[in-house]
Amino acid sequence: MTDTHQTPEWVLSGGTVHTPSGPVEAEVAVAGGRIVGVGHYPGVRKVDCAGLDILPGVIDSQVHFREPGLEQKEDLESGSRAAVLGGITAVFEMPNTNPNTDTEERIHDKLKRAHHRMWCDHAFYVGATAENAENLAELERIPGTAGVKIFMGASTGSLLVAEDENLARVLASGRRRVAIHAEDEERMNARKDHRVENDPSSHPVWRDDESAMLATRRILRLAREAKRPIHILHVTTPAELEVIAQHRDVATCEVTPQHLTLNAEDAYPRLGSHAQMNPPIRSKAHVDGLWHWLQQGVPDVIGSDHAPHTLEEKAKPYPNSPSGMPGVQTLLPLMLNHVLEGRMTLERLIDMTSAGVQRVFGLVGKGRIATGYDADFTIVDRKGSFTITDEWLASRCGWSPFTGMELKGRVVGTIIRGNVAMWDGQLGESAQGEPLRFAFSL
């Protein structure tokens, strides 16, 4: 099926192409930054992908790149550089910066900072507050915004909307899907004495299963009353996924690589506060339960919740140590390893990192290898292997809870709108990231 309407400039050749119809042995033709056909193109300049898998560009729909105000941890350039080195073609970045991204001026400031400083395509969340609730319908329509983000429980930064009355006001303003950090502030405040000094393993005792479940049930009820779609981030308990499965008309949800990979029994003794995040790393039984519901098709997307802090900050004694860990660069290597160890299919991983993100958020021109879509590709070698090292990590924080892990599979290339952002560990010539487009803000 050769496209005759636009002459290809070049093709990806020799690889297995993962199309909406499934894997095919074919070439993908590119012109003007778009896909112009999938087929066979004699005489066109070829990029050799022999023995490799050509996936739709992987999208990480939850990262914290810390700019402005917290650049000692990360900035838009370093975070997006880490992204493309890990095979990520686009990110949704979170609003808990300093100042918070909660006004039109601050959204435009981030977009300006990102322009051709970020290596990958990008969108920025608007942070919901009690003060800006009535303005959110307008703010979420600004091109380059990923929608609205609500923190129901305090995490890093000062964004917090804890009371049902204010949550209802936020949900009443606008129509795009709202991203939710679902932990119950009142319960966590009441349980602060469960924190044990110098013992990060008490973190999931303090921020317990019920803190998550209470918030999830509340926001599902409020979303239904408001007739507003929501997206529950970084779900950590199997019980929440079971409940969310009963509310698919209003709710989608995310799981993270770290909650699918790390367990409390091993992680806290070995990693200490480097395993500390919100919501917490929980028990092996929780991990097994998340995998059960993933295999049932409940989580829609995988996001990294990349949330870096410096080694000095992390070295503070618990509970003064900040919560969060880097993850944008390791999302795909970790999940590809899970595929190759038989925990999920490659088709399911593709759905959760490209087509699923497009479907949940109304992304335009992204998420599949199809004629007319952006020429975004993540190219992987399933026969390769890879060890995560500190030297490979590009995040400014300089560490990962996964350093030293030997993984099956290897990320070979990151191509964004026809531009090679990374190939075989080497960055492209320059950062060329552009704002993402969404159906609700065209």
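Residues numbered from 1 in each chain as written. Predicted model: local features only at pLDDT ≥ 70, side-chain atom pairs only at ≥ 80, totals over all residues. Heavy atoms only, no water.

1. A look at the layout of surface pockets
Alright, step 1. In this structure, the second largest pocket encloses a volume near 180 Å³.
Alright, step 2. Lining the second largest pocket are 13 residues, and of these His18, Thr19, Pro20, Glu347 and Ile350 sit closest to its centre.
Alright, step 3. When contributions to the lining of the second largest pocket are tallied by element, the ones reaching two or more residues are β2 (16–19), β3 (22–25) and α14 (346–361).
Alright, step 4. Class assignment for the residues of the lining of the second largest pocket results in 6 nonpolar, 4 polar and 3 charged. (1 Å grid on protein atoms, 1.4 Å probe; cavity = no way out; pocket = protein on both sides within 12 Å on 5 of 7 lines; lining within 4 Å. Points joined across faces, edges and corners; volume = space filled by probe spheres on them. Helix = DSSP H or I, 4+ residues; strand = E, 2+ residues; numbered from the N terminus. Nonpolar A, V, L, I, M, F, W, Y, C, P; charged D, E, K, R; others polar.)

2. Quick look at the pairing of β2
Alright, step 1. Side chains of β2 alternate between two faces, with Thr16 and His18 and Val17 and Thr19 buried alike.
Alright, step 2. By the bridge criterion, 4 bridges tie β2 to β3 in an arrangement that is antiparallel. Residue pairing for β3: Thr19 is matched across the bridge by Gly22.
Alright, step 3. What sits between the antiparallel neighbours β2 and β3 is a turn of 2 residues.
Alright, step 4. As judged from the 2 bridges shared by β2 and strand β7 (residues 53–56), these two strands associate in the parallel manner. Counted as the bridge partner of Thr16 is Asp53 from β7. (Buried < 20%, exposed > 50% of the residue type's maximum accessible area, 1.4 Å probe, protein only. Pairing = 2+ DSSP bridges.)

3. Some details on the sheet that holds strand β10 (residues 121–127)
Alright, step 1. Ordered by their spatial adjacency, 8 strands build an open sheet running β8-β9-β10-β11-β12-β13-β14-β15, and the pairing between neighbours is parallel. Edge positions in the sheet fall to β8 (58–63) and β15 (301–302), since each has one partner strand and no second.
Alright, step 2. Pairing geometry for strand β12 (residues 178–181) and strand β13 (residues 230–232), over 3 bridges, is parallel. Bridge pairing links Ile180 to Ile232 in β13.

4. Regarding unusual backbone geometry
Alright, step 1. Note that the residue after Glu67, namely Pro68, is joined by a cis bond; omega there is 10 degrees.
Alright, step 2. Looking at the element boundaries, Pro68 is found in the loop between β8 and α1 (76–85).
Alright, step 3. The omega torsion of the bond from Asn98 to Pro99 falls at 5 degrees, within 30 degrees of zero and hence cis.
Alright, step 4. Mapped onto the elements, Pro99 comes out in the loop between β9 (88–93) and α2 (104–114).
Alright, step 5. Non-glycine residue Arg66 carries a positive phi angle of around 70 degrees.
Alright, step 6. Within the secondary structure, Arg66 sits in the loop between β8 and α1.
Alright, step 7. On the accessibility criterion, Arg66 (1% relative accessible area) is buried.
Alright, step 8. Within the chain, His234 stands out as a residue other than glycine whose phi angle is a positive 30 degrees.

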